[in-house]
Amino acid sequence: MEQRISLVTLGVSDVARSRAFYEALGWRGQEVEETVFFQAGGLALVLWGRDKLARDCGLTDGTAAGFGGIALAHNVRSDAEVDALLTAAQRAGATVTKPAATNAVGFYSGCFVDPDGHAWEIAHNPGFPLAEDGSLTLPDFGTS
């Protein structure tokens, strides 16, 4: 696994309120399907409903020992890489919480939690191309 984080997704209780907060700090986001994306250097910060994020990671929201309200995403270049990294993570001690599959938005992903319970999504999303150095640049969603 390359040493890289592609997206940091924060599970929030009110997406509009959270977007307003970050925009008040000078950030500029794009909202697509109740999800707000901010370009943050070579990675992206994403705001998404906490309940939706927990469900997408195969977790239950609400307990201190459960979902912590954040998921780290590691984007890769192929579906096969998703499968390989989930297998490698499991071998290294992770628990796969969501086996790899094509999700409702149409890209291939799966999720695991590390030994401390931090959620990671491994994803191949052709709509978020990676540069040779692994950096991700958000596309222009055509909305604001």
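Above this text sits the structure in question.
This section reports on the structure supplied with the text. Only a predicted model underlies this, so the values are computations on that prediction, with no experimental measurement involved. (Residues numbered from 1 in each chain as written. Predicted model: local features only at pLDDT ≥ 70, side-chain atom pairs only at ≥ 80, totals over all residues. Heavy atoms only, no water.)

Quick word on the pairing of strand 3 (residues 35-40)
The following threshold applies: The pairing criterion is simple: DSSP has to find at least two bridges between the two strands. Numbering goes from the N terminus for both helices and strands, where a helix is a DSSP run of H or I of at least four residues and a strand is a run of E of at least two.
Bridge count between strand 2 (residues 29-32) and strand 3: 4 bridges; the pairing is antiparallel. Looking at the pairing, Val32 lines up with Thr35 of strand 3. Hairpin connection from strand 2 to strand 3: 2 residues lie between these consecutive antiparallel strands, with Glu33 at a positive phi of about 50 degrees. Direction of pairing for strand 3 relative to strand 4 (residues 43-49): antiparallel, over a ladder of 5 bridges.

Observations concerning helix 3 (residues 79-91)
Applicable threshold: An expected span of 1.5 Å times one less than the residue number is assigned to each helix. Only protein chains enter the calculation, and the probe is 1.4 Å; a residue is then buried if its accessible area is under 20% of its type maximum, exposed if over 50%, and partly exposed in between. Each C-beta atom gives one direction from the helix axis, and the arc is the one those directions make.
Under the 1.5 Å per step criterion, the end-to-end length of helix 3 is 19 Å for 13 residues, consistent within 8% with the ideal 18 Å. By the burial criterion, the buried members of helix 3 are Val82, Leu85, Leu86 and Ala89. Looking straight down helix 3, one finds its buried side chains confined to an arc of 105 degrees; they lie on one side. Pointing more than 90 degrees away from the buried face of helix 3 are the exposed residues Ala80 and Arg91.

Digging into the pairing of strand 5 (residues 70-75)
The element strand 5 is largely enclosed, with a buried count of 5 among its 6 residues. The pairing of strand 1 (residues 7-12) with strand 5 spans 4 bridges and is classified as antiparallel. Along strand 5, the bridge assignment pairs Leu10 with Ile70. Judged from the 5 bridges that link them, strand 5 and strand 8 (residues 119-124) form a sheet pairing that is parallel. The residue of strand 8 that forms the bridge with His74 is Ile122.

So, to be careful, I would describe these as geometric facts and stop short of saying anything about function.
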